[in-house]
Amino acid sequence: QVQLVESGGGLVQPGGSLRLSCLASGTIFSIYAMGWYRQAPGKQRELVASITSSGYSNYADSLRGRFTISRDNAKNTVYLQMNRLQPEDTAVYYCKANARGGGNFWGQGTQVTVSS
């Protein structure tokens, strides 16, 4: 089993930045990829960005250039740097881990609100 704990969400003004963190624990050796997803009220959960254990990253086309995913293997942590935030970025952001053997694990989510 893998446990994920997100942090770093909050209220930010348009144009501001936030960095989300996702700390993984448990059978982390089984994780081969991690990602960030978000879900806005009334909308489906969508991929924001993902990163493999070898460092290959992938982004939603609309977010490429503003958001950056990274990982610190020594700290078992994945980050999401979000810049030039806009009100439409308001959502609950979830961390996900894909594990060998087919296991998918989710964190509890962290709220990001972009508002003046």
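One structure accompanies this document, and this report is about it. Given the structure is predicted, the values throughout are model-derived calculations rather than measurements.

### Quick look at the pairing of strand S8 (residues 77–82)
Now for step 1: Counting buried positions along S8 gives five out of six residues, so the element sits mostly inside the fold.
Now for step 2: Pairing geometry for strand S3 (residues 18–26) and S8, over six bridges, is antiparallel. The residue bridging Ser21 from the neighbouring strand is Tyr79, located in S8.
Now for step 3: Pairing of strand S7 (residues 67–72) with S8 involves six bridges; the strand directions are antiparallel.

### Concerning the sheet that holds S7
Now for step 1: Read from one edge of the open sheet, four strands run S1-S3-S8-S7, paired in antiparallel fashion. Strands at the two margins of the open sheet, each flanked by one partner only, are strand S1 (2–7) and S7. Each strand axis lies, on average, 20 degrees off the axis of its neighbour in the sheet, ignoring direction.

### So, the nonpolar core
Now for step 1: Leu4, Met34, Trp36, Leu80, Met82 and Tyr93 are the most contacted members of the largest nonpolar core, which totals 31 residues.
Now for step 2: Going through the elements one at a time, S1, S3, strand S4 (31–39), strand S5 (46–52), S7, S8, strand S9 (91–99) and strand S11 (110–114) are the ones with two or more residues in this core.
Now for step 3: Broken down by element, the residue count for this core peaks at five residues, all from S9.

### Quick look at unusual backbone geometry
Now for step 1: One non-glycine residue, Asn76, lies in the positive phi region at around 55 degrees.
Now for step 2: As for its placement among the helices and strands, Asn76 is situated in the loop between S7 and S8.
Now for step 3: Backbone geometry at Arg84 places phi at a positive 50 degrees, although glycine is not the residue there.
Now for step 4: Judged by relative accessible area, Arg84 falls into the partly exposed class, the value being 47%.

Conventions adopted
Residues numbered from 1 in each chain as written. Predicted model: local features only at pLDDT ≥ 70, side-chain atom pairs only at ≥ 80, totals over all residues. Heavy atoms only, no water. Buried < 20%, exposed > 50% of the residue type's maximum accessible area, 1.4 Å probe, protein only. Helix = DSSP H or I, 4+ residues; strand = E, 2+ residues; numbered from the N terminus. Pairing = 2+ DSSP bridges. Axes fitted to C-alpha atoms, helices over the stretch in contact; angles between N-to-C directions. Core = buried A, V, L, I, M, F, W, Y, C linked by side-chain atoms within 4.5 Å.

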